Amino acid sequence: MSDAAVAARAEVAHPYRWTMFGGMVGVYFSFGTMVLSIPPMVDEVIADLGMSRGVMGLILAAWTTLYIVTAPLAGRFVDRLGLQRSIALGGLSLALSALARAAAQGTVTLWFAVAIMGVGGPLVSAAAPKLCAEWFADEAERRRAVSLYNLGPGTGSIVTLYATNSVLLPVLGSWRAVLVAHGVLALVLTGLWWVLAQRAPELPATDNPLVTASTLNTWRLLLGSPGVRYALALGALGFFVGHGMNNWLPKGMSSLAGISITASSNWVATAGLIGMASLFVVPNLATRFGRPTMLTVLFSWSSMCILLVAFGSAPLVISGVLLLGLRATMVPLMIMSLMDADGVTSDNMGAANGLWFSAAQVGAVIGPPVMGWMSEQGGGFQSAFVLPAVVCAVAAVLIQVYGRVSARTSSGTA
C-alpha cells in the first residue's frame, strides 16, 4: 500500500478505531463462550445422549474439522465482502450453532450442530487481525491490538468455565437451556457489532493490486513465502495443544486431582485469567527479547506444566494448571509472525489468516478425539496429557531450527 493510502487510512480511522475494535471483540467473546460451551457440561451431555469420550471428542472437533476447508475461503471472503458483513455473518453462525446444539437428539445431530460453528466462525477469526491491520496504522498500536483482541475469546471461555456449573446449570436447569442462553448472547453481541459498524467512517480504497487478484493467485503468493509456511506449521502444533487441552483439561484435572468438575472448571478458568493478564506483558517482552525466543520459552514452559498436571500430586496438578495459563499468549505471537511474513499485507490479511486458521485447525481436529480416546485407555488422562507435552517440545525445536535457517539464508543473500 502506498504511503498516501496509509496516511489517508490513519486520518479517517483514528477517531473510531477502538470502537470498531470493541464491537469485533464482543462477537469474538461469544466465539469464546461457544468453544467451551460443552466441556464443563460434558458428563451431562454424554449421559443424556449416550456416548463415549472418544465420540464426544469427535463431536467437539466438528467445528474445527470444517475450519480446515472453510477458513481459507472465509479469509478471501472477508477481503472481498468487508468487515461489517463478514463479522455479522460469523456472529449469526455462532447463534445458530448454539441453538442447534440445544436441540440435538443424538450423536449425529450434535455433530452437525457443533459443525455449524465451523462454517461461519472462520469469518470472525479471519476478520479480527484484518481489522487490526486496516484500522491501526501505527505498527506498535497494531501489535497491541492483535494481542488484546484475544481477550475476547479468552474472556468468553473463562466466563463460561466459571459460570456454567456454578450459576447457569443450577439456575437454568439443563445443559440445553444453557446452550440457548449462549445463542441469545451471540445474537445480542452481533447486533451491537452491526450498529457500531454501520456508524463507522468508510476507509479509503487502496492501490494494492492484491485486492483484485484471484483467490488462487493470492493463495499461491502467500504459500510461496517461507515465513507463511513456518507460521502455518507452528499454528497446527499450537492448536493441537490448545484445543486438546481446552476440551479435556476440566475433566482431566478433575480426574487427576480428585476434585469435582465444578472445582476443576473454576481452576481452569483462573488459569485463563492469568493468561489474559499475561497478554498485557508477554508481547512487550517479545519486543525486547525477540518473538522466536518468547515462543520457544512459552512452548517449553507449557510442556513442563502439562507434565506437572499429568504426574504431579493434587497440589502440583493445580499449580501446573495455573502456570499453564501463560500459553494464552502463544496465539497472538504466532499471528504476529504471520503478519510479518514476506508477502502478507493489510489487503490480503484475511486470506493469510484464513490459510493460517485452516492449517492450525488440522491440529485442532486431531487433538480432542485423540486425547479423548487415549484417556479411555489404560493410562487414563496421564497418557493423554503426555502427547500435547511432546507436541510443545516439537514446536520449540521447530522455532529454533527455522530461526537458524532464516539467519543463514539472510547472511547468504546479504
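Source: prediction; values computed, not measured. (Residues numbered from 1 in each chain as written. Predicted model: local features only at pLDDT ≥ 70, side-chain atom pairs only at ≥ 80, totals over all residues. Heavy atoms only, no water.)

## Focus: the layout of surface pockets
The computed volume of the second largest pocket comes to approximately 420 Å³. Around the second largest pocket, the lining is made up of 17 residues, and of these Pro226, Gly227, Tyr230, Tyr402 and Ser406 lie nearest the centre. When contributions to the lining of the second largest pocket are tallied by element, the ones reaching two or more residues are helix H13 (226-257), helix H16 (291-311) and helix H20 (380-413). No other element matches H20, which puts 7 residues into the lining of the second largest pocket. When its residues are assigned to classes, the lining of the second largest pocket shows 8 nonpolar, 6 polar and 3 charged. (1 Å grid on protein atoms, 1.4 Å probe; cavity = no way out; pocket = protein on both sides within 12 Å on 5 of 7 lines; lining within 4 Å. Points joined across faces, edges and corners; volume = space filled by probe spheres on them. Helix = DSSP H or I, 4+ residues; strand = E, 2+ residues; numbered from the N terminus. Nonpolar A, V, L, I, M, F, W, Y, C, P; charged D, E, K, R; others polar.)

## A closer look at the packing of helix H7 (residues 107-115) against helix H8 (residues 117-135)
At a minimum axis separation of 6 Å, H7 and H8 run at an interaxial angle of 15 degrees. The angle between the axes of H7 and H8 places the two elements in the roughly parallel class. Of the residues in H8, those touching H7 at Ala113, Val114 and Ala115 are Met117, Gly118 and Val119. (Axes fitted to C-alpha atoms, helices over the stretch in contact; angles between N-to-C directions. Parallel < 35°, antiparallel > 145°, perpendicular 65-115°, else oblique. Contact = heavy atoms within 4.5 Å.)

## Quick word on the environment of Val114
As for its position among the elements, Val114 is in helix H7. Aside from chain neighbours lying at most four places away, what touches Val114 is Ile38, Ile59, Leu60, Ala62, Trp63, Ser97 and Arg101.

## Here's the deal with the packing of helix H2 (residues 17-35) against helix H10 (residues 151-172)
Viewed as axis vectors pointing N to C, H2 and H10 meet at an angle of 40 degrees, and their least axial separation amounts to 6 Å. By the angle between their axes, H2 is oblique relative to H10. In the crossing of H2 with H10, the sense of the turn from one axis to the other is right-handed. Here Val25, Tyr28, Phe29, Gly32 and Thr33 of H2 come into contact with H10, specifically with Gly152, Pro153, Thr155, Gly156, Ser157, Val159 and Thr160. In terms of residue class, the contact of H2 with H10 is built from 5 nonpolar, 7 polar and no charged. (Left-handed = near helix turned anticlockwise from the far one by under 90°.)

## Brief notes about empty space enclosed by the protein
Per the stated rule, a full pass over the model turns up 2 cavities of 30 Å³ or more. Considering only enclosed or pocket space, the largest cavity measures out at about 760 Å³ in volume. Considering the residues around the largest cavity, the lining is formed by 38 residues, among which Gly154, Ser157, Asn246, Arg327 and Val331 are closest to the centre. Of all the secondary structure elements, the ones that give two or more residues to the lining of the largest cavity are H2, helix H5 (62-81), H10, H13, helix H14 (261-278), helix H18 (330-339) and helix H19 (349-375). Per-element tally for the lining of the largest cavity: the top contributor is H13, with 7 residues. For the lining of the largest cavity, the per-class residue count stands at 24 nonpolar, 13 polar and 1 charged.

## A word on the packing of aromatic side chains
Tallied over the full model, the rule gives 15 aromatic pairs. Look at Phe239 and Phe357: their rings are 6.0 Å apart centre to centre, the planes differ by 75 degrees, and that puts the pair in the edge-to-face class. With Phe239 in helix H13 and Phe357 in helix H19, this pair connects stretches of sequence that are 118 residues apart. Residue Phe357 is classed as buried on the basis of its relative accessible area, which comes to 5%. With 5.8 Å between their ring centres and 55 degrees between their planes, Phe381 and Phe385 make a pair best called tilted. You can see Phe381 and its partner Phe385 sitting in helix H20, 4 residues apart, about one turn around the helix. Per residue, the accessibility class of Phe381 equals that of Phe385, and both read buried. (Phe/Tyr/Trp six-rings, centres within 6.5 Å; stacked < 30°, edge-to-face > 60°. Buried < 20%, exposed > 50% of the residue type's maximum accessible area, 1.4 Å probe, protein only.)

## A short note on helix H4 (residues 53-60)
Of all the positions in H4, only Gly54, Met56, Gly57, Ile59 and Leu60 are classed as buried. Buried residues along H4 sit in contact with helix H3 (42-49), H5, H7, H13 and H19.

## Overview of the environment of Phe280
In this fold, Phe280 is placed in the loop between H14 and helix H15 (282-289). Taking C-alpha positions, Phe280 is 24 Å from Phe240, a pair spaced 40 residues apart along the chain. Beyond its immediate sequence surroundings of up to four residues, Phe280 is in contact with Leu148 and Leu151.

## Regarding the confidence of the model for the protein
Looking at the protein as a whole, its pLDDT mean stands at 86, while 92% of the residues score no less than 70. A low-confidence stretch, residues 1-13 (pLDDT under 50), is modelled with 23 contacts involving residues beyond four sequence positions or located in other chains. The low-confidence segment residues 204-212 (pLDDT under 50) makes 23 contacts with residues lying over four places distant or belonging to another chain. (pLDDT = per-residue confidence, 0-100.)

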